[in-house]
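As a plain string of letters, each chain reads:
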Amino acid sequence: MNVLYVLGFVVSCLFALLLTPLVKRFAFWVGATDKPNHRKVHTKIMARMGGVAIFLAFVGAFFVISPALSGVNANAALALVLGGLVIVITGALDDRFELSPKWKLLGQIIAACIVVAFGLKINEFNVPFGGHISLPDYISMPLTVLWIVGVSNAVNLIDGLDGLSAGVSGIGTGTILILALLTPFSDAVTVVLLCTILLGSITGFLFYNFHPAKIFMGDSGALFLGFALATLSILGFKVSVVLSLLTPIMILGVPLSDTFFAIMRRFLNKKPISEADKNHLHHCLLQLGFSHRTTVLIIYGIAAMFGGVAIVLNNYNDSAWLTVLIVAILLFVLVVGAEAIGIISSSKKPVIRFLQKLGVKSTSFNSRLPK
């Protein structure tokens, strides 16, 4: 690997280590704090706005390293920086003033539109048995905005435990980095550089954010990390020969699946989709008796599993049947696991009950079913 990439990681990590304590003081000064309530697991007032430190470290390292590296797509990088600035400001305002959902959504849409305006769009992909599909602008542009907004909110939804959102985002960033190193394409230099400095920023921030956390990233951090991951996944795979619709979805498997299960849970319980609850993946694992830190590490493992599947799918993209088989197995394991921990419903477990009828015995399954 180019030594400049390693240097970018180190510089961004150091920037995050130095900036986070300053941002923490600023957050307390302006009143951007998170107070305990019945939905939250922390028991004291915590500073928010940690995402500002992540963003500043990311941008600072980029402007330090990029001039020395040839082949960087300045247009794509500028889209990520400017769009990221809008979404960090939106998140920081929410961290302080608790913006209404419509204003937060507006900021996310503006940030996504900036990315589209710079020419980054989901305009082509390969699907098993479907071959190569190209999308016209009137489909690719709104699809890109929807993807960026959706991923931003998905990462924000899992930001419920110390180090959880940052760590999962770091694993996703690392997966994109590995794929960019393994698959030569025109913007590989840009993707690798942006991934290494983003990973460094996350790592430096995690020093203060892993349990027990000294500061929360807040919406400024969770929304920015989701925005960055969504944008990098578009940049990393929009022109790749082995482009696959499934690859970026797998990279972001944990936040996307948790969001999907949340929507299903609220639909089945006839509650508004936007209504917050305490039945996300991390909540369910805590209710099963796992400690705070163990719960986070379990979800890290799940995120790494999704990342590994993304790498496998990317390497064997030409084998449609293998892709279908891998995805089918993953979805089956995902559904069984979701039912076992009760993330959708504590009583409705159709797949597990079907397995039991087939003679599959499991103490954990039985213990979770209602008497």
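None of these values were measured; they are calculated from a predicted model.

Visitor: Explain the environment of Leu223 to me, please; I cannot follow it from the model alone.
Guide: Position of Leu223 relative to the elements: it lies in helix H8 (residues 218-237). Taking the C-alpha atoms as reference, Leu223 lies 4.9 Å from Ser152; in sequence the two are 71 residues apart. In this structure, Leu223 is in contact with Ile87, Gly91, Gln108, Ser152, Asn153 and Asn156, ignoring residues within four places of it in sequence.

Visitor: Quick question: what am I supposed to make of the layout of surface pockets here?
Guide: Sizing a probe to match a water molecule and rolling it over the atoms shows the empty space that remains. The computed volume of the second largest pocket comes to approximately 300 Å³. Lining of the second largest pocket is provided by Ile249, Met250, Gly253, Leu256, Ser257, Phe260, Phe261, Phe306, Val327, Leu331, Leu334 and Val335. Secondary structure elements with two or more residues in the lining of the second largest pocket: helix H9 (246-251), helix H10 (253-268) and helix H13 (320-341). Per element, the largest residue contribution to the lining of the second largest pocket is five residues, and it comes from H10.

Visitor: Would you explain empty space enclosed by the protein in this entry?
Guide: All chains considered together, the criterion is met by one cavity of 30 Å³ or more. Here the largest cavity is characterised by a volume of approximately 40 Å³. Taken together, Val155, Ile158, Ser165, Val168, Ser169, Gly172, Leu229, Ile251, Leu252 and Pro255 make up the lining of the largest cavity. Counting residues per element, the lining of the largest cavity draws most heavily on helix H6 (residues 164-182), at four residues. In the lining of the largest cavity, the residues fall into seven nonpolar, three polar and no charged.

Visitor: Would you take a moment to explain the pattern of salt bridges for this structure?
Guide: If the charged atoms of two oppositely charged side chains come close together, the side chains can form a pair. In total, this model carries five salt bridges according to the counting rule given. Asp94 is the partner of Lys104 in a salt bridge, and the nearest nitrogen-oxygen pair spans 3.6 Å. Residue Lys104 is located in helix H4 (residues 101-117), and its partner Asp94 is located in helix H3 (residues 74-97); the two are separated by 10 residues in the primary sequence. Taken individually, Lys104 and Asp94 each receive the classification buried, so the pair is uniform in this respect.

Visitor: Would you mind showing me how to read a nonpolar patch on the surface here?
Guide: A grouping of Leu85, Ile89, Leu93 and Phe97 is seen on the molecular surface, where their side chains present a nonpolar patch of about 370 Å² in accessible area. Following the sequence through the fold, Phe97 ends up in helix H3. Look at Phe97 and you get exposed, because its relative accessible area is 54%.

Cut-offs and rules
- Residues numbered from 1 in each chain as written.
- Predicted model: local features only at pLDDT ≥ 70, side-chain atom pairs only at ≥ 80, totals over all residues.
- Heavy atoms only, no water.
- Helix = DSSP H or I, 4+ residues; strand = E, 2+ residues; numbered from the N terminus.
- Contact = heavy atoms within 4.5 Å.
- 1 Å grid on protein atoms, 1.4 Å probe; cavity = no way out; pocket = protein on both sides within 12 Å on 5 of 7 lines; lining within 4 Å.
- Points joined across faces, edges and corners; volume = space filled by probe spheres on them.
- Nonpolar A, V, L, I, M, F, W, Y, C, P; charged D, E, K, R; others polar.
- Salt bridge = Lys/Arg side-chain N within 4 Å of Asp/Glu carboxyl O.
- Buried < 20%, exposed > 50% of the residue type's maximum accessible area, 1.4 Å probe, protein only.
- Patch = residues over 30% accessible without salt bridge, like charges linked within 9 Å, V, L, I, M, F, W, Y side chains within 5 Å.
- Areas by Shrake-Rupley, 256 points an atom, 1.4 Å probe, with all protein chains shown as cover.

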